[in-house]
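Breakdown of the fold
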Amino acid sequence: MSHVEVKLRVNGRVVVRSVPPRRSLADFVREELGLTGTHVGCEHGVCGACTLLVDGRTARSCLLLAVQLDGAEVTTVEGLTPADGLSVLQEAFRDSHALQCGFCTPGMLAAAHELLAENAAPTRDEIREAIAGNLCMCTGYVNIVRAIELAAQRLRAA
Amino acid sequence: MSWVGRPLPRKEDGRLLSGRGRYLDDLVRPGQLHAAMLRSPHAHARIVALDASAAATVPGVHAVLTGADAKTASRPIRPLIPTAVPLDDWCLAVDRVRYAGEPVAAVAAIDRATAEDALERIHVEYEPLPAVVDPEAALRSDSVLLYPQLGTNVLWHDVLAYGDVAGAFARADGVLRERFEIQRYASTPLETFGAIAEHDAGLDAYTFWTNDQRPGLTLTILAESLDVPQSRLRLLTPDIGGAFGNKRRPAYLLVCALLARRAGRPVKYVEDRLENLAALMHACNGVMDVELAYRADGTVLALRVRDVADEGKNLVSPAQHNLIKLGNIVNGYRIGAVSYEAFSVLTTKCPSGANRGIGKPFMCFAIERAMALLARRLRLDPAELRLRNYVGAAEMPYTTPPGARYDSGDYAATLGRALERFDYRGWRERQARARADGRLLGIGIATSVEPAGTNLASYELITGRRAASGSAEAAMVRVEPDGRVRAALGDPACGQGYETVVAQIVADELGLTPGDVHVDRGFDSSTTPWLYLSGNYSNKFSVTDVGAVLGAARAVRDKLARIAAHRLESAVDDIELADGQARVRGVPARGLAIGELARTAYADVLGLPPGEPPGLEARHAHQNPLAQPVGADRTVRSQLVFSNAAHCCLVEIDPRTGAVRLLRHVVVHDCGRELNPLIVEGMVHGSTVHGLGAALLEEFRYDASGQLLTGTFMDYLKPTALDVPDIEVDRLEHPSPFTPLGAKGVGEGGSIPAPAAVASAVEDALAHLDVTVRALPITPERVWRWLHG
Amino acid sequence: MRGRDDSAAGVESGPVKPAPFDYVRARTLDDALAALDADSKILAGGQSLVPLLNMRLVRPTRVVDINAVPGLAGVRARPDGVLEIGALTRHTDLLASTLVRERLPLVAAATAHVGHRAIRNRGTIGGSLAHADPAAELPAALLALEAGVVISARGGERRVALDDFFVGALTTLLGAGEILRRVEIPDPRDAAWGFAEIARRPGDFAIAGVAVALHGARGQSARARLVAFGVGDRPVRLRAAEAALSRTAPTRELAARAAAQAAADCRPVDDVHASAEYRAHLVEVLTERAVADAIGRLLA
């Protein structure tokens, strides 16, 4: 099992690493890059906790091998966070109390980010559809839906 | 105006939203190894031989531990109640496995993948034994036994009677008899359970980082099993990714500790999801036979219950599911006589344990189902039948026959508000019109008490002696030398926002803002004040934790006042704390900043009042006075204060496929004074969805050989955002007279009644077919079978 | 990962990190073909393969990543009306394709039921066909559209009709050294469509589902293809129901007649989510609904 070199951009920074082929992208960003904002919840692609953005689209990082990402642009929750403070979406999550334990939150933010990039005025049904691949055990989703709705409003007003 | 009661956004959220939270798996100790566990493929088998020697030779492996090693290197884990014959329960299976997924060996290696490689090199020879999966079968005298030396699978059997049960049944106009079942399910926090253990060979001391939600009890077990004084153990909790009762398994901490000692390096073990689903903790499945003796007007005179709790292989906390529902088995109803027969029985399944609402969802399902069926039998509106039987607001505090004291609330008003919010009458009309169009709409009601605070004295009913009792928690408040405030609590937060709520409480006492008060994240046994009873369980924050925080904050407040009075040459009683200052009431100009008083307390100690010791810190432990020993008449306060909730839900059934769609779900709850309404409402949403999952989707299903059939998130179905509606929440606020701020438990008033409400709604949609919902989850196939006879 | 994989039940030891394997990042189709042998696996979207790797339920010695092979993705219409969809075309791109939306609405409807967004962003049409889960939507929809696949091997190419491609649960005609290159769908211009499924939750594999392609015009006799999924070891042609719809002018009443024949061709089995009996019933209901939709579109 020889290591394979990959070169990719993570949160805008070029990263070159030699990795064993069996290492998942989730383990790669967490363990090799120290980006522990990406959480691992099931490792079989159902819970959505490890969702991040690959070339602007959401992906389960437990279902990607790090070696596949050669040449890709990966954005984690750390990359979605402004240098100072929080993004409009993150602030809407806080104001709406859209998180409790916070473990699903980075994946939810990735899903919401993708939705809002494509749809500036999503309906509640569209929001629910967009986050249906991300399990949350704490909030019953109610406040997450409200937060994304609020973020969309604020982004439109801005 | 006080900070308590305001819907403040949380202090925790900034770090959690930006990926800067620190959860267990984010922690890295120098030289840390990763553990993996080999688990039994059999539900029940004798371990004939186990050879792990090849695993130790895999490059990257640093330590291997088998059950035989654990038996040599540690002591058995002490159960909460002793069994008739002592049953040795080590951290890894020895000689015999008793559920599919029970760990038999563990490996620590440079990474998890290598540890899993090494597991494949461990050879175990099993002699399969028959499984016992059905609790009723496990009760029988000819059953396969998990522990032959015990002679039975039954850990507790008793009949407890309160009041004239036989007389009430004799006097009754009718008796309703039904059998209900509840499936195994769990809250499955999104973060799995785990721990890191580090051994200091020089001191023979251990440090644990873990997301264990009950560190007080766990520390006691660790010290006993590792045979070291508690003074040489340290346990810390980081941010915890949800818990709901599930996050506890002292055995895994012991495995890490023993591996760490062998390897001479820190060892981390984090469950994977398959291990979590198969082996951590399920709520007991069970069977309940309910008999209601009633008068023709619907008044319920007496209740007789036979309650079988299927513990799986749970030796740690047996009978918990029975004891915890005993006091409140009458739910919110004034039922004068109660007979409760308890069975707590072992089966060859995953250990059971605490799960959001523990035991009460089944209590509520059975009692509310019975009330719905009684209403149908008597041709009464289900709401009306409940109103005729509720404990009245004027009767508070009301003591149930088994001894629980319902402290405050107006159950009729809670239901009334729910019906109003739901537009119950309007929907009854719309339902009738839809029915005429061939659409099957159903309306379901369920109401429940929601207890908080556990009193372990209830175990005396089983053992005849008291080992642990009461409900208590400890806290610390400290004004640091720079005048900033720090607080700590023996109860590690698992998503409930304690850093915010504790700051609100302390800010009110010290005349500060919540922003001035830092609350320690999690628990650290070397700095956090704690008790054996410390932990995040049983809805207990409002019952004990608030008192501990208030006590500590008030002690610091009093000391600030004494120092200020001395410095300002004023009477202590004239000092008030406000706006970051201690000042003389009515003379705002005469004041000293908290920081200045802190400087006095820590640095300029000659400026202190005579006899006043330096420092500005207080620790306080609060014991809720409601906890009492078991009464001579076997009455018991297994739980202490009681919130209540009413759910009203609307479903539509596809008449051809049986698919159930949740259209609306209204919750009105009363948890006394709401300390932070934003957090309270969020917990009600989430808790309700736990109940909706149990109602329609979730089930740990076993086959007859004890194999779990739903062991992945593909088959164990959690509700997604598309499976549940926006939960509509409203509230009443009847403060408890028995808690320091009048607050009560919150977080279970959703999960307890929701399954019963959905069951009633489905039954209502199928009213023309005279269907009775006796079990969960209500799958489309079950509904289809009702629809098609 | 979504839906059912019976082999995953009863995994007590719960490995979550794959057994070791070598990795080949193919840059051309020839590279990929050269790297394949009996113990290797092709990695396309990975949404079914990687969970199986993680649980060590498949243990290839080599994983051949074809994502960097050019020319394997995209949708195009040939001059003869045949639509070609490259095997690496991702579900999200299918849904975004104007050609798919306008010419292949049945494929769009089926794709919308596949998993959730993050899964659709990675999962590919070729992977869905090659994985051949009997409860998957796309194999059924494409079979209803009389599609075929073009398969490359070291020796050249072959074209296989989907009617022959699926040979059992998770099993196809694809050989060890072969790569599914593209899907070809005959000009579907005159096809009216219907699609219906029941799943425990949106995004899960179906308990049962039906895809319908109905060719014809008002007042003329029609030709129908009905394919059920979740009710056999592969997508199942409902031939008896097709016969009930064929050689007669479509009317709304025909839906019930077709439905009555639907279960005849199904071989459902019991699993943890539904019994065979219930699945057989669902096929009838879903056939009626999907056929009614198709007839409605045809008559519209």
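Residues numbered from 1 in each chain as written. Chains lettered and ligands numbered in written order. Predicted model: local features only at pLDDT ≥ 70, side-chain atom pairs only at ≥ 80, totals over all residues.

So, about the overall build of chain A. Of the regular secondary structure elements, chain A holds five helices and five strands. Going from the N terminus to the C terminus, chain A shows its helices and strands as β-β-α-β-β-β-α-α-α-α. Its C-alpha radius of gyration of 16 Å places chain A within 12% of the 15 Å reference for a compact globule of 158 residues. The principal-axis extents of the C-alpha atoms in chain A amount to approximately 50 × 30 × 25 Å. By the burial criterion, 65% of the 158 residues in chain A qualify as buried. (Helix = DSSP H or I, 4+ residues; strand = E, 2+ residues; numbered from the N terminus. Rg over C-alpha atoms; globule rule 2.2 N^0.38 Å. Buried ≥ 20, exposed ≤ 12 C-beta atoms within 10 Å, placed from the backbone.)

Turning to the overall build of chain B, a few remarks are in order. When you go through chain B residue by residue, the secondary structure sums to 21 helices and 28 strands. Taking 789 residues into account, the globule formula puts the C-alpha radius of gyration at 28 Å, and chain B, at 27 Å, falls close to it. Dimensions along the principal axes, computed over C-alpha positions, put chain B at roughly 85 × 75 × 50 Å. Here chain B, with 789 residues, has 63% of them falling under the buried criterion.

Here we come to the nonpolar core. Note on soluble globular proteins: their nonpolar side chains tend to be buried together. All names here are of chain B. Within the largest apolar cluster, 439 residues are counted, with the highest numbers of intra-cluster contacts made by A35, V255 and C256. With 13 residues, helix α17 (residues 541-568) is the single largest residue contributor to this core. Each residue touching A35, except ones within four places of it in the same chain, is listed here: A106, V107, A108, A115, V255, C256, L259, V267, K268 and Y269. (Core = buried A, V, L, I, M, F, W, Y, C linked by C-beta atoms within 7 Å. Contact = placed C-beta atoms within 7 Å.)

Our next topic: the packing of helix α11 (residues 254-262) of chain C against helix α12 (residues 276-299) of chain C. Residues and elements named next belong to chain C. It is at 8 Å that the axes of α11 and α12 come closest, and there the two elements cross at 150 degrees. α11 and α12 meet at a crossing whose hand is right-handed. Listed contacts from α12 to L254, A255, A256, A258, A259 and A262 of α11 are V283, E284, T287, E288, V291, A292 and I295. Considered class by class, the residues forming the contact of α11 with α12 number ten nonpolar, one polar and two charged. (Axes fitted to C-alpha atoms, helices over the stretch in contact; angles between N-to-C directions. Left-handed = near helix turned anticlockwise from the far one by under 90°. Nonpolar A, V, L, I, M, F, W, Y, C, P; charged D, E, K, R; others polar.)

Hydrogen bonding along the main chain pairs the strands of a sheet, whether they run parallel or antiparallel. Residues and elements named next belong to chain B. Strands sit in the order β21-β20-β19-β25 across an open sheet of four strands; the sheet is mixed. The open sheet has two edge strands with one neighbour each: β21 (517-519) and β25 (617-623). Strand-to-strand twist of the sheet, defined as the mean angle between neighbouring strand axes without regard to direction, takes the value 20 degrees. Pairing between strand β19 (residues 472-479) and strand β20 (residues 485-489): five bridges, direction antiparallel. Note that in β20 the partner of A475 across the bridge is L489. Here α17 sits on the sheet and contacts β19, β20 and β25; the angle it forms with β19, its principal contact strand, is near 30 degrees. (Pairing = 2+ DSSP bridges.)

Turning next to helix α3 (residues 105-118) of chain A. Owing to its 3.6 residues per turn, the α-helix brings residues three or four apart onto one side. In this model, α3(A) (14 residues) spans 20 Å end to end at C-alpha, consistent with the 20 Å of a helix rising 1.5 Å per residue. Looking at α3(A), one finds that the buried residues are A:T105, A:P106, A:G107, A:M108, A:L109, A:A110, A:A111, A:A112, A:H113, A:E114, A:L115 and A:L116. (Expected span 1.5 Å × (residues − 1).)

Next up on the list: the pairing of strand β5 (residues 83-86) of chain C. All names here are of chain C. As judged from the three bridges shared by strand β4 (residues 75-77) and β5, these two strands associate in the antiparallel manner. Residue pairing in the sheet places V75 in a bridge with I85 of β5. A loop of five residues connects β4 with β5, the two strands running antiparallel in sequence, and G81 in this loop sits at a positive phi of about 95 degrees. By the bridge criterion, four bridges tie β5 to strand β10 (residues 179-185) in an arrangement that is antiparallel.

All names here are of chain A. Looking at where K7 falls in the secondary structure, it is placed in strand β1 (residues 4-10). A count of 12 C-beta atoms within 10 Å places K7 in the exposed class. Here the alpha-carbon distance between K7 and A117, two residues 110 residues apart in the chain, equals 26 Å. With residues near it in sequence (within four places) discarded, K7 still touches V14, V16, D70 and G71.

Let us look at the interface of chain B and chain A. Counting residues at the interface gives 44 residues for chain B, matched by 42 residues for chain A. The set of elements that each furnish at least two residues to the side of chain B that touches chain A consists of α1 (13-17) and α19 (677-696) of chain B. With seven residues, α19(B) is the largest single contributor of residues to the side of chain B that touches chain A. Broken down by class, the residue content of the side of chain B that touches chain A amounts to 18 nonpolar, 15 polar and eleven charged.

Each side of the interface is counted separately: chain C has 25 residues, and chain B has 34 residues. Residue contributions to the side of chain C that touches chain B peak at four residues, all from α12(C). Per-class residue counts for the side of chain C that touches chain B are 13 nonpolar, six polar and six charged.

Each neighbour pair has its own omega, and for B:M396 with B:P397 the value is -10 degrees, a cis peptide bond. In this fold, B:P397 is placed in the loop between α12 (382-389) and β16 (398-399). For the peptide bond that leads from B:L776 to B:P777, omega is -10 degrees, which places it in the cis range. Here B:P777 is to be found in the loop between α20 (754-765) and α21 (780-787). Despite not being glycine, B:S538 has its phi angle at roughly 60 degrees, a positive value. Mapped onto the elements, B:S538 comes out in the loop between β21 and α17. If you check the backbone angles, C:A132 has positive phi at about 55 degrees while not being a glycine. Within the secondary structure, C:A132 is located in the loop between α7 (125-131) and α8 (137-144).

So, on to the confidence of the model for chain B. For chain B, mean pLDDT is 97; residues scoring 70 or higher make up 100% of the total. Scored as a complex, the prediction yields pTM 0.97 and ipTM 0.98. (pLDDT = per-residue confidence, 0-100.)

Right, let's talk about the sheet that holds strand β1 (residues 22-25) of chain C for a bit. Residues and elements named next belong to chain C. With parallel pairing, three strands are arranged side by side in an open sheet as β1-β3-β2. Of all the strands in the sheet, just β1 and β2 (40-43) have a single pairing partner and so form its edges. Recorded for the sheet is a direction-independent mean angle of 20 degrees between the axes of neighbouring strands. Pairing of β2 with strand β3 (residues 62-65), which is carried by four bridges, proceeds in the parallel orientation. Residue pairing in the sheet places L43 in a bridge with D65 of β3.

Turning our attention to the pairing of strand β13 (residues 285-294) of chain B. Residue and element names in this part refer to chain B. Of all ten residues that make up β13, eight are buried, and the element is covered over most of its length. Pairing of strand β8 (residues 174-182) with β13, which is carried by nine bridges, proceeds in the antiparallel orientation. Each bridged residue has a counterpart across the sheet, and for E181 the counterpart in β13 is V287. Bridging between β13 and strand β14 (residues 300-312) involves ten bridges; their strand directions are antiparallel.

All names here are of chain B. For the pair α19 and α20, the least separation of the axes is 7 Å and the interaxial angle reads 50 degrees. As far as their axial angle goes, α20 and α19 are oblique. Crossing handedness for the pair α19 and α20: right-handed. Where α19 abuts α20, its residues T688, G691, L692, A694, A695 and L696 lie against A754, P755, V758 and A759. Of the residues belonging to the contact of α19 with α20, the class tally is eight nonpolar, two polar and no charged. (Parallel < 35°, antiparallel > 145°, perpendicular 65-115°, else oblique.)

Attention shifts here to α20(B). When the terminal C-alpha atoms of α20(B) are compared, their 17 Å separation across twelve residues agrees well with the 16 Å that a helix rising 1.5 Å per residue should span. Of all twelve residues in α20(B), twelve are buried; the element is thus mostly enclosed.

It is worth spelling out the environment of B:V104 at this point. Residues and elements named next belong to chain B. With respect to the helices and strands, V104 occurs in strand β5 (residues 103-109). For the pair V104 and P401, spaced 297 residues apart in sequence, the C-alpha separation works out to 46 Å. Apart from the residues lying within four places of it in its own chain, the contact partners of V104 are L38, R39, S40, I47, L50, G67, L92, A93, V97 and V124.

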